[in-house]
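Structural overview
Listed here are the chains, written in short residue letters.
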Amino acid sequence: MRRSHKLTLIDWASANDALMQYFEGNKSKLSNHVDMSRTTITNFFNQKPVRESSFRKICFSLRLNW
């Protein structure tokens, strides 16, 4: 069973668009909004694995289907 998720290249573009739209392109604002470390947010956008619960929470905040 997978316990972590990472973005695909196609989803990465959508996530970046959503970051611009909802958080002015500011990862620190997203980090504060989801109450996670900036490192977790950076890993998410660098397509590195993050915990499933964190992945879902970030996707929900960016209004993306996880």
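These notes cover the structure that comes with them. (Residues numbered from 1 in each chain as written. Predicted model: local features only at pLDDT ≥ 70, side-chain atom pairs only at ≥ 80, totals over all residues. Heavy atoms only, no water.)

Some thoughts on the packing of helix 3 (residues 38–45) against helix 4 (residues 52–61)
Viewed as axis vectors pointing N to C, helix 3 and helix 4 meet at an angle of 80°, and their least axial separation amounts to 11 Å. With respect to their mutual orientation, helix 3 and helix 4 come out roughly perpendicular. In contact with T40, I41 and F44 of helix 3, helix 4 contributes S54, F55, I58 and C59. Along the lines of polarity and charge, the residues of the contact of helix 3 with helix 4 split into five nonpolar, two polar and no charged. (Axes fitted to C-alpha atoms, helices over the stretch in contact; angles between N-to-C directions. Helix = DSSP H or I, 4+ residues; strand = E, 2+ residues; numbered from the N terminus. Parallel < 35°, antiparallel > 145°, perpendicular 65-115°, else oblique. Contact = heavy atoms within 4.5 Å. Nonpolar A, V, L, I, M, F, W, Y, C, P; charged D, E, K, R; others polar.)

Quick word on helix 4
For helix 4, the full list of buried residues reads S54, F55, I58, C59 and S61. Down the axis of helix 4, the buried set is contained in an arc of 160°. They therefore lie on one face. Once helix 4 finishes, R63 follows within two positions and takes phi at roughly 60°, a positive value. (Buried < 20%, exposed > 50% of the residue type's maximum accessible area, 1.4 Å probe, protein only. Arc of directions from axis to C-beta.)

So, the side chain of S61
Within the secondary structure, S61 is located in helix 4. Take S61: its relative accessible area is 9%, and that puts it in the buried class. Dropping the residues within four chain positions of it, S61 is found in contact with F23, L30, H33 and V34.

What about the pattern of salt bridges?
For the structure on display, the rule yields two salt bridges. A salt bridge links E24 to K29, with the nearest nitrogen and oxygen atoms 2.2 Å apart. A relative accessible area of 61% means that E24 is categorised as exposed. A residue is classified by how much of its surface remains accessible, and K29, at 37% relative accessible area, is partly exposed. Salt-bridge contacts for R56 lead to E52; the nearest nitrogen and oxygen are separated by 2.5 Å. Residue R56 and its partner E52 are located together in helix 4, separated by four residues, close to a single helical turn. (Salt bridge = Lys/Arg side-chain N within 4 Å of Asp/Glu carboxyl O.)

Some thoughts on the packing of aromatic side chains
Applying the stated criterion across every chain, the model contains two aromatic pairs. Pairing F44 with F45 gives two aromatic rings, centres 5.1 Å apart and planes at 80°, and the pair type is edge-to-face. The pair formed by F44 and F45 is uniform in burial state, with each residue classed as buried. An angle of 55° between the planes, with centres 5.4 Å apart, marks the rings of F44 and F55 as tilted. In this pair, F44 sits in helix 3 while F55 sits in helix 4, placing the two residues 11 residues apart along the sequence. Taken together, the aromatic side chains of F44, F45 and F55 make up a single cluster linked through ring pairs. (Phe/Tyr/Trp six-rings, centres within 6.5 Å; stacked < 30°, edge-to-face > 60°.)

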